[in-house]
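# Tertiary structure, described
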Amino acid sequence: MTTLLPVFDPYDYAFHDDPYPVYAALREHAPLYRNDGLGFWALSRHADVLHAFREAELFSSADGVSLDPAATGPHASKVMSFLAMDDPRHFRMRSLVTKGFTPRRVAALEERVREITREHLEVALSSDTFDFIDDLAGKVPMDVVSELLGVPVQDRAELRRLADLVVHREDGVLDVPEAAAAASLELIVYYLDLVNARRAKREDDLTSALLDVDIDGEHLTDEELCAFLFLMVVAGNETTTKLLGNAWYWADVHPAQKDLALSGAIPEWVDETLRFDASSQVLARTCAADTELHGRVIPAGDRVLLLIGSANRDERVFPEPDAYDLRRDTSELLSFGNGTHFCLGASLARLEARVVLEELVSLVSAYEVDHAGIERVHSVNVRGFAHLPTTVVRR
Ligand code: HEM
């Protein structure tokens with residue numbers, strides 16, 4: 001008997017609405033899936049996705065980790081920095097950046113994250129009804145990245161607008177929209193100016209710290225610095241906004257879990273949301289050599305998608321994976337990747353999400369999302385909401 005497999009098209013708006021039944025079918029019937037039309041393979045089981053993350057030499061990042069043709073190829077690292085490099089080049093760059101992006105710098109941000117959150121909350125909660133994304137979740141992460149990098153307050157709204165444009169994709173369109181390409185260019189130009197300003201006069205920010213990083217006489221070039229600043233916006237901003245929105249939404253549709261969340265199970269709320277509906281769903285790799293998996297051979301040079309969103313719902317690792325359950329063990333989640341490219345900002349992302357939700361829960365005893373007004377973001381990689389209209393009850 002043959003099983004009818006759904007077509008897995010990561011550009012399809014209907015797929016964005018609910019990718020999980022498609023993932024379940026892939027895990028069950030086509031753990032190594034091939035889409036001839038779009039020219040990629042896909043791995044959907046937890047063990048395979050984890051294996052690919054760990055075998056970074058074989059599953060190479062050097063041609064970029066996005067499906068977008070414009071961001072694929074040896075030039076990918078020009079905008080995606082060391083995310084789109086293999087070791088040893090990746091290791092060298094990441095080590096240089098890690099010297100500036102220290103745990104101390106991240107931990108020191110907690111108080112500023114709280115202050116930034118309170119500022120936005122004061123405005124949002126001036127009415128019982130507000131948009132969770134526009135008024136809060138969309139603002140805090142960009143302000144935190146900007147704070148870290150040293151972007152002045154008056155430029156932050158414009159940078160947020162550009163960052164949103166960079167990741168937006170049109171229904172069924174394979175290529176990067178013109179507006180996204182133009183926004184990318186504007187961001188790069190902005191960061192080049194920032195680097196030049198800090199070169200002239202250092203401040204207490206990461207950009208200044210990175211200018212002074214020195215490992216055995218090696219420094220980051222302007223081009224390397226700009227690519228890293230650009231990566232921080234794309235990697236650190238959208239994903240955290242989406243994590244917050246997903247937490248707010250999924251607790252709303254699971255009232256018993258919402259009770260737990262509102263009574264203080266905040267770290268559990270953050271991690272179960274990361275597992276249940278990861279904001280970064282898909283990463284691409286390129287096979288460096290012919291690779292046999294599940295009885296088929298992926299030829300060298302072919303693109304392979306790692307379906308993080310599917311791995312996190314794999315029943316082989318997470319019992320009852322489709323249940324949103326704040327009390328479960330989430331330690332095997334793959335939402336921040338694994339191995340040499342493991343998310344550099346994972347602890348910052350968790351810190352931000354925890355602080356924002358803690359501050360909210362300290363002021364709000366109940367809330368409801370207006371489902372008629374919800375709008376999803378359509379992006380191949382980032383999963384989450386553009387609008388979540390919300391009504392709250394103040395404590
Ligand atoms: C919920 C929020 C976040 C999610 C889901 C997320 C997810 C990821 C994932 C899956 C990777 C691995 C990419 C790969 O293997 O190709 C990654 C890498 C990275 N992330 Fe995050 N991230 C988040 C927040 C952040 C934040 C807040 C920052 C910094 C401000 C950040 C900076 C980075 C950087 C620099 C890398 C590249 C690491 C490398 O290639 O060595 N991320 N992130």
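Just so it is clear, the structure is predicted and the values come from calculations on it, not from any experiment. Starting afresh in each chain, residues are numbered from 1 along the sequence in its written order. The predicted nature of this model means local features are confined to residues of pLDDT at least 70 and side-chain atom pairs, given and counted, to a pLDDT of 80 or more, with totals for whole chains, interfaces and linings taken over all residues. The side-chain numbers reported here are obtained from all heavy atoms of the structure, hydrogens and water having been left aside.

## Re the nonpolar core
Nonpolar side chains in soluble globular proteins tend to be buried together. If you look at the biggest cluster of nonpolar residues, it comprises 87 residues, and the most contacted ones within it are Phe132, Tyr191, Phe228, Trp248, Trp269 and Tyr367. Helix numbers and strand numbers start at the N terminus; a helix is a DSSP run of H or I with at least 4 residues, a strand a run of E with at least 2. Per-element accounting of this core gives the leading share, 16 residues, to helix α13 (residues 222-252). In this analysis, two residues are considered to be in contact whenever any of their non-hydrogen atoms come within 4.5 Å of each other. Once residues within four sequence positions are removed from consideration, Tyr367 is found in contact with Ala247, Trp248, Ala251, Asp252, Lys258, Leu262, Trp269, Thr390, Thr391 and Val392. Here, nonpolar core means buried Ala, Val, Leu, Ile, Met, Phe, Trp, Tyr and Cys residues that are tied together by side-chain atoms lying within 4.5 Å of each other. In this scheme, a residue with accessible area under 20% of its type's maximum is buried, one over 50% is exposed, and one in between is partly exposed, where area comes from a 1.4 Å probe on protein chains only. With 19 residues, the next largest nonpolar core counts Trp41, Ala52, Leu293 and Leu306 among its residues.

## Things to note about the side chain of Glu238
Take Glu238: it is sitting in helix α13. Exposure remark for Glu238: the relative accessible area of 2% places this residue in the buried category. Contacts described as polar in this section are N or O atom pairs within 3.5 Å, which, within protein, must combine one atom able to donate a hydrogen with one able to accept it, while residues neighboring in sequence count only if both atoms come from side chains. Polar contacts involving the side chain of Glu238 include one to the side chain of Lys242, which spans 2.7 Å.

## A closer look at the coordination of the iron atom of the ligand
In this structure the iron atom of the ligand is ligated by exactly one protein donor, Cys343 (SG), at 2.3 Å. Relative to the elements of secondary structure, Cys343 occurs in the loop between α16 (308-311) and α17 (346-363). Distances define the donors: N, O and S atoms within 2.8 Å of the metal qualify, as do those within 3.2 Å of Na, K or Ca. Water is excluded, so some sites may look unfinished.

## Some words on the environment of His51
Examined against the element boundaries, His51 turns out to sit in helix α3 (residues 46-54). Using a relative accessible area of 35% as the deciding quantity, one classes His51 as partly exposed. Between the C-alpha atoms of His51 and Thr221, which are 170 residues apart in sequence, the distance is 33 Å.

## Overview of the sheet that holds strand β3 (residues 59-60)
Here, any two strands with at least 2 DSSP bridges between them count as paired. Read across the open sheet, the 5 strands follow the order β1-β2-β8-β5-β3; overall the sheet is mixed. Of all strands in the sheet, those bounded by a partner on one side alone are β1 (32-35) and β3. As paired elements, β3 and strand β5 (residues 282-287) share 2 bridges and run antiparallel to each other. Bridging across to β5, Ser60 finds its partner in Thr286. Along the sheet, α3 contacts β2 (40-43), β3, β5 and β8 (303-307); its crossing angle with β8, the most-contacted strand, is approximately 120°. As a rule, the C-alpha atoms of each element are fitted with a line to give its axis, helices using only the stretch in contact, and angles between N-to-C directions run from 0 to 180 degrees.

## A word on the site of the ligand
Each residue is tested against the molecule or strand, and it is near if at least one of its non-hydrogen atoms lies within 4 Å. Near the ligand, the surroundings consist of 27 residues, among which His90, Arg94, Arg285, His341 and Cys343 are the closest. The separation between an oxygen atom of the ligand and a polar side-chain atom of Arg94 is 2.7 Å. Separating an oxygen atom of the ligand from a side-chain N or O atom of His341 is a distance of 2.6 Å. The set of elements that each furnish at least two residues to the shell around the ligand consists of α5 (89-100), α13, β5 and α17.

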